Amino acid sequence: MFGKRLAIVLSLAMVTAGQACAQSKKLKPGMNFYSVEQDVQLGREAAAQYEKQLPIVRNSDLQSYVERIGRRLAQSPAAGQFPYSWRVVNDRSINAFALPGGPMFIHTGLILSADNEAQVAGVLAHEMAHVALRHGTNQLSKAQLMQGIGGAAGVFLGSQGGLVGQLGQMGVGLGLQSVMLKYSRDAERNADLLGTQLMNDAGYNPVEMARFFEKLEAESGKRSGVTEFFSSHPNPGNRVAAVEKEIRTLPRRSGYQNGDPGELNRAKSIAQGLPPAPKRSAAAMQDGSAPQSPEQVRPSRNLRPWQGSLFAIHYPENWEVFASQEGEDVTFAPRGAIFQAPAGTPQIGYGAVLGHEQTRNDDLEGNTRALIDNLVKSNSGMRVSGGQRQITVQNAPALLTTLQSRSPYGQTEIDILVTVQTRAGLVYAVFIAPQNDYRNAEPVFQEMLRTLRVR
Ligand SMILES: [Zn+2]
């Protein structure tokens, strides 16, 4: 399903902004077109959608456990004046996310993985820091700036309809969640630093926050459900050391109260005892609209040309173009085939993804093998299903590999990977279709490949 990679193309906000790398207490929100009130409004609207679509736990003991920890943190002056709220989501994957203005969602999987209450608090503090530093609308503003629609944000207040809907009309809707919830490493570093202050003020040992993240990072790959958090919160590196350094700048505390282990165990047994949540629709968050069936989004045989800074290709006229910031990597897909899981990476059920990776050498076969290894690692259920054969792209030697994975349509997916070694490194194209519809797509994919040019 190419989750990992697609996110790079689809989240429009991957700008590495020159955010002030502030020292303790000087952390300030970055550039923002939105007012604090708009953060609150936007978060409230998005939260209402999530509450309808996620399996929210209605257990008052578990709810009050999380809320008590959250309130303890929110008392810190560093938390600002946001109307924070907390919801527990019945989901065993390890994740948590915060919306602008304060609503936070914590998966049961996260509570189940914590060694102590301070670790649960650590995640909440980190998320709270994203809210206080207004990272969500900062990302959104940066994305809008790149699209040249920045000033329009000012018209939101007082106009009819919700902010989320208006953003959708402006074309920001697609991947809105991933834009707001996918943070840069700078944002992560700052969220850890402010999180450290919040933890310290609340009397939790801030090192537990960093320790928990490092523990999860070490476990990811070994068991499923761990990587979700890191797909939206990339590891800034050296977390424990950075937190320890920050602690030395803070008012010294005589001791930390890391919570009653009995209470955490009680919360865990409630979470453990919940019946598995009904499978959520992968498309639930895609602008609230229903996903379209493969038949509805099948590629048209009428192609139109597209040219970016690295690729030129013809693509089906009924599909849309989602290019990366630099105009290098690009995804072609129908909107109805983009599946947006909350706070996760968007998945494409039908489409084509073109990208490139820097490589150390010109070994097409070896570099292709490494790329496939990465894909298989980051997409559970993906495997090489057909043979590999040599073809040419623009007269250059290329490899075509047939892979299979799980389609968000709930069937097998065919992923045709084409790789070419160029000056830009290893260039790849992935053509994605649900297996049952593949024969309809194949002639179009072949035509696209025939028109593919790499600079
Ligand atoms: Zn984060």
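A.B. asks: I keep staring at the sheet that holds strand E3 (residues 103-107) and nothing clicks. Help me out?
C.D. replies: Hydrogen bonds between backbone atoms are what pair the strands of a sheet, whose relative direction is either parallel or antiparallel. Across the sheet, which stays open at both edges, the three strands sit in the order E1-E3-E2 with mixed pairing between neighbours. Where the open sheet ends on each side, the last strands, each with one partner, are strand E1 (85-89) and strand E2 (96-98). With direction set aside, neighbouring strand axes in the sheet form an average angle of 15°. Set on the sheet, helix H2 (residues 36-53) makes contact with E1, E2 and E3; between it and E3 the angle comes to about 30°. Each of E1 and E3 touches helix H3 (residues 60-74); the most contacted strand, E1, lies at about 145° to it.

A.B. asks: Any chance you could explain the packing of aromatic side chains here in plain terms?
C.D. replies: Any pair of aromatic rings gets described here by the distance separating the centres and the angle formed by the planes. Inspection of every chain in the model, using the stated rule, returns 13 aromatic pairs. With a centroid separation of 5.7 Å and 55° between ring planes, the pair formed by Tyr50 and Phe105 is classed as tilted. With Tyr50 in helix H2 and Phe105 in strand E3, this residue pair connects regions lying 55 residues apart in the sequence. Taking relative accessible area as the criterion, Tyr50 reaches 0% and is therefore assigned buried. The class for Phe105 is buried, based on a relative accessible area of 1%. For the ring pair Phe213 and Phe229, a centre distance of 5.2 Å and an interplane angle of 20° mean the geometry is stacked. In this pair, Phe213 sits in helix H10 (residues 207-219) while Phe229 sits in helix H11 (residues 227-232), placing the two residues 16 residues apart along the sequence.

A.B. asks: Looking at this structure, I do not really get the side chain of Asp91. What am I missing?
C.D. replies: Position of Asp91 among the secondary structure elements: in the loop between E1 and E2. At 2.8 Å, the side chain of Asp91 forms a polar contact with the side chain of Ser93.

A.B. asks: When you look at the nonpolar core in this model, what are you seeing that I'm missing?
C.D. replies: Nonpolar side chains in soluble globular proteins tend to be buried together. Grouped together as the largest cluster of nonpolar side chains are 55 residues, with contacts concentrated most on Leu73 and Tyr84. It is helix H5 (residues 117-132) that provides the largest number of residues to this core, a total of 10 residues. Residues in contact with Leu73, not counting those within four places in the same chain, are Ala79, Ala121, Leu124, Ala125, Met128, Leu198, Met199, Ala202 and Tyr204. In this structure, Trp319, Ala352, Val418 and Val420 belong to the second largest nonpolar core, which totals 34 residues.

A.B. asks: Help me out: how do you make sense of the coordination of the zinc ion in this one?
C.D. replies: Ideal values differ by geometry: the angle at a metal is 109.5 degrees with four tetrahedral donors, but 90 or 180 degrees with six octahedral donors. Protein ligation of the zinc ion involves His126 (NE2), His130 (NE2), Glu188 (OE), Glu188 (OE) and His233 (ND1), the donor distances falling in the range 1.9 to 2.4 Å. As a motif over one chain, the donors of the zinc ion read H-x3-H-x57-E-x44-H. Of the two residues, His130 sits in helix H5 while His233 sits in the loop between H11 and helix H12 (239-247), which places them 103 residues apart along the sequence. Here His130 falls in the buried class, since its relative accessible area comes to 2%.

A.B. asks: Is there a simple way to explain the side chain of Lys268 in this structure?
C.D. replies: The residue Lys268 is located in helix H13 (residues 261-273) in this model. An unpaired buried charge is present at Lys268: no salt bridge exists, and Asp115, the closest side chain of opposite charge, is 5.5 Å distant. With residues up to four places along the chain from it excluded, the contact list for Lys268 reads Ile111, Leu112 and Ala114.

The rules behind each value
Residues numbered from 1 in each chain as written. Predicted model: local features only at pLDDT ≥ 70, side-chain atom pairs only at ≥ 80, totals over all residues. Heavy atoms only, no water. Pairing = 2+ DSSP bridges. Helix = DSSP H or I, 4+ residues; strand = E, 2+ residues; numbered from the N terminus. Axes fitted to C-alpha atoms, helices over the stretch in contact; angles between N-to-C directions. Contact = heavy atoms within 4.5 Å. Phe/Tyr/Trp six-rings, centres within 6.5 Å; stacked < 30°, edge-to-face > 60°. Buried < 20%, exposed > 50% of the residue type's maximum accessible area, 1.4 Å probe, protein only. Polar contact = N/O pair within 3.5 Å; in protein donor to acceptor, adjacent residues only side chain to side chain. Core = buried A, V, L, I, M, F, W, Y, C linked by side-chain atoms within 4.5 Å. Donors = N, O, S within 2.8 Å, 3.2 Å for Na, K, Ca; no water. Lys, Arg positive; Asp, Glu negative; His and termini not counted. Salt bridge = Lys/Arg side-chain N within 4 Å of Asp/Glu carboxyl O.

Structural measurements only, silent on function.
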